[in-house]
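The lines below spell out each chain.
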Amino acid sequence: MQKRSLRYEGKAKRMFETDDPDLLIIDYKDDITACDGKKKGIIKDKGIVNNRMTNYMLRIIEQNGIPTHYVQEISDRETVVKKAEIVPMEVIVRNIAAGSIARRLGIPEGYELLPPTLEFHFKDDRRNNPWINEHYALTLGIGTPEEIKTITDYAFRINEVMIGELIKAGIKLVDFKVEFGRYEGEIILVDEISPDTCRLWDAQTNEKLDRDRFRYDMGNVEAVYEEVYRRLVL
Ligand code: TMP
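In this numbering scheme, every chain counts its residues from 1 along its sequence in written order. Under the rules for a predicted model, residues below a pLDDT of 70 receive no local features and side-chain atom pairs below 80 are neither given nor counted, while totals for whole chains, interfaces and linings still include all residues. Side-chain numbers here rest on the full set of heavy atoms in the structure, without hydrogens or water.

Quick look at the overall build of the protein chain now. Counting its secondary structure elements, the protein chain contains 6 helices and 14 strands. A radius of gyration in this sense is built from C-alpha atoms; the matching globule rule multiplies 2.2 Å by the number of residues raised to 0.38. What you see for the protein chain is a C-alpha radius of gyration of 17 Å, in line with the 17 Å of a compact globule of 234 residues. Considered along the principal axes of its C-alpha atoms, the protein chain spans approximately 50 × 40 × 35 Å. In this scheme, a residue with accessible area under 20% of its type's maximum is buried, one over 50% is exposed, and one in between is partly exposed, where area comes from a 1.4 Å probe on protein chains only. A buried classification covers 53% of the 234 residues belonging to the protein chain. Of all intrachain contacts in the protein chain linking residues separated by at least 6 positions in sequence, the fraction that spans at least 24 positions is 57%. All accessible areas in this document rest on Shrake-Rupley with a 1.4 Å probe, and a residue is counted as covered only by the protein chains that are shown. Per element, the accessible surface of the protein chain, about 11,300 Å² overall, is 50% carbon and sulfur. Only four residue types enter the tally: Lys and Arg on the positive side, Asp and Glu on the negative side; His and the chain ends are excluded. To locate a charge, take NZ of a lysine, CZ of an arginine, CG of an aspartate or CD of a glutamate. Taken together, the 36 basic and 42 acidic charged side chains of the protein chain have centroids lying 3 Å from each other. Numbering of helices and strands starts at the N terminus; helices are DSSP runs of H or I of at least 4 residues and strands are runs of E of at least 2. The contact rule is simple, with two residues in contact once any of their heavy atoms fall within 4.5 Å.

Right, here's the structure in full:
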């Protein structure tokens, strides 16, 4: 499979057209951003960690009956995926309070959220991906009622699968963001699942093993990405 024209360049990856009109190649970069793109950096080999961890998770999620865009890993940083029509919504699932829910509602960081909760954000970088609810999603034409229900069910099931997988590696899944697309009339999971898009805490010490280390200038960003990779994938 050959890379053809650049279709899209995001903060942490590039997507290329291929010889096959139904397939794309994702190429993961080492660039890292935070604070709505205002803070930028480079984390050596992050692209490798994110590519490999994403594919590892997508394969397990697929085995658990949730369709994904994953087709084939072709190098350290590159993966062939199905070309889906993106549903312009970020879906966040939270098991433990941290980040924006802690700030917005005054819930102490580390407080267990029972049952786990879910939120939708409209994908619009110029407006910092504003919070929306299911009714907005319908009114804005983001999806049909069936699609919004499927996305919600899938997101909670993905949470269960990921909690189970990560705890075997001694990692607590605090929260994560996923995105979905349409492919051949079906809702499928797209995009990455990595320490850029999840909050991951060491199960024993609660040490942060994710992008928060970059957001909050905590240091050792490279080392914790490698640590997650080593525990989970190698
Ligand atoms: P938040 O607490 O900042 O709302 O983030 C919740 C989770 O979603 C956290 O694991 C980081 C992830 N996330 C992204 O991957 N991209 C985003 O644009 C946002 C806002 C959050």
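The next subject is the nonpolar core. Residues Met-89 and Met-162 are the most contacted members of the largest nonpolar core, which totals 49 residues. Here Met-89 is in contact with Phe-120, His-121, Lys-123, Ile-132, Ala-137, Ile-142, Ile-148, Ile-151, Val-178 and Glu-179, once residues within four sequence places are set aside. To form a nonpolar core, buried Ala, Val, Leu, Ile, Met, Phe, Trp, Tyr and Cys residues must be joined to one another through side-chain atoms within 4.5 Å. Residues Met-15, Leu-24, Ile-26 and Val-81 belong to the second largest nonpolar core, which totals 5 residues.

As for its placement among the helices and strands, Arg-157 is situated in helix H4 (residues 145-168). For Arg-157, a relative accessible area of 38% puts it in the partly exposed group.

A side chain of one charge can pair with a side chain of the opposite charge if their charged atoms are brought near each other. We define a salt bridge as a contact between a side-chain nitrogen of Lys or Arg and a carboxyl oxygen of Asp or Glu at a distance within 4 Å. Across all of its chains, the model carries 37 salt bridges by this definition. With a shortest N-O distance of 3.0 Å, Asp-76 and Arg-52 are connected by a salt bridge. With a gap of 24 residues between them, Asp-76 in the loop between strand S6 (70-73) and strand S7 (78-82) and Arg-52 in helix H1 (residues 46-63) connect regions that are remote in the sequence. Residue Arg-52 is classed as partly exposed on the basis of its relative accessible area, which comes to 22%. The partner of Asp-175 in a salt bridge is Arg-94, and the shortest N-O contact between them spans 3.6 Å.

So, about the UniProt feature "domain: SAICAR synthetase/ADE2 N-terminal" (unreviewed entry) in the protein chain. The residues that UniProt annotates with the feature "domain: SAICAR synthetase/ADE2 N-terminal" (unreviewed entry) are residues 7-231. Regarding residues 7-231, the helix share stands at 31% and the strand share at 35%, and the terminal C-alpha atoms are separated by 33 Å. UniProt positions are given in the numbering used here, feature names are shortened, and annotations may be inferred rather than shown by experiment.

To continue, consider the packing of H1 against H4. Geometry is summarised by axes, namely lines fitted to C-alpha atoms with helices restricted to the contacting stretch, and by angles between N-to-C directions that run from 0 to 180 degrees. Contact pair H1 / H4: the axes reach a minimum separation of 10 Å and the direction vectors enclose 120°. On the basis of the axis angle, H1 is oblique to H4. Where H1 crosses over H4, the handedness of that crossing is right-handed. When H1 is examined against H4, the residues Tyr-56, Met-57, Ile-60 and Ile-61 are found in contact with a partner set consisting of Ile-158, Val-161, Met-162, Glu-165 and Leu-166. Three classes are used: nonpolar for Ala, Val, Leu, Ile, Met, Phe, Trp, Tyr, Cys and Pro, charged for Asp, Glu, Lys and Arg, and polar for all others, with Gly counted as polar. The residue inventory of the contact of H1 with H4, partitioned by class, reads 8 nonpolar, no polar and 1 charged. Roughly parallel means an angle under 35 degrees; roughly antiparallel, over 145; roughly perpendicular, 65 to 115; everything else is oblique. Handedness of each helix crossing follows the sense of rotation of the near helix against the far helix: counterclockwise by less than a right angle gives left-handed, clockwise gives right-handed.

This part is about the site of the ligand. Taken together, 16 residues surround the ligand, and among them Arg-94, Ser-100, Asp-175, Lys-177 and Arg-199 come closest. Under this definition, polar contacts are N or O atom pairs within 3.5 Å; protein pairs additionally need one hydrogen-donor-capable and one acceptor-capable atom, and for neighbouring residues in sequence, both atoms have to be side-chain atoms. Glu-90 is positioned with one of its side-chain polar atoms (N or O) 3.3 Å from an oxygen atom of the ligand. The protein chains hide 82% of the 460 Å² of surface that the ligand would expose on its own. Within the residue set of the shell around the ligand, elements represented by two or more residues are strand S9 (89-96), helix H2 (99-105), strand S12 (171-183) and strand S14 (198-202). We call a residue near a given molecule or strand whenever any one of its heavy atoms falls within 4 Å of it.

Each pair of aromatic rings taken from Phe, Tyr and Trp, with Trp reduced to its six-membered ring, is defined by centres within 6.5 Å and is described as stacked if the planes are under 30 degrees apart, edge-to-face if over 60, and tilted in the remaining cases. Tallied over the entire structure, the rule returns 1 aromatic pair. Over the face of the ring belonging to Phe-16 we find Lys-3, whose NZ or CZ atom lies 4.7 Å from the ring centre. Over the ring of Phe-214 we find Lys-39, and its NZ or CZ is 5.1 Å from the ring centre. The rule is short: NZ of Lys or CZ of Arg within 6 Å of the ring centre and within 35 degrees of the ring normal puts a charge over the ring.

This part is about H4. Between the first and last C-alpha of H4 there are 35 Å, a value that for 24 residues agrees with the 34 Å anticipated at 1.5 Å per step. Taken together, the buried positions of H4 are Glu-147, Ile-148, Ile-151, Thr-152, Tyr-154, Ala-155, Ile-158, Asn-159, Val-161, Met-162, Glu-165 and Leu-166. Of the residues flanking the end of H4, it is Gly-170, one or two places downstream, whose phi is positive at about 70°. By definition here, a helix of n residues has an expected span of 1.5 Å times n minus one.

Within S7, 4 of the 5 residues are buried, leaving the element largely enclosed by the surrounding structure. Paired strands are those between which DSSP finds at least two bridges. For strand S3 (residues 23-28) and S7, the ladder comprises 5 bridges, and the chain directions are antiparallel. For Ile-25, the partnering residue across the bridge sits in S7 and is Val-80. In this structure, S6 lies alongside S7, joined through 3 bridges in antiparallel fashion. Looking at the pairing, Gln-72 lines up with Val-80 of S7. Hairpin connection between S6 and S7: a loop of 4 residues separates the two successive antiparallel strands.

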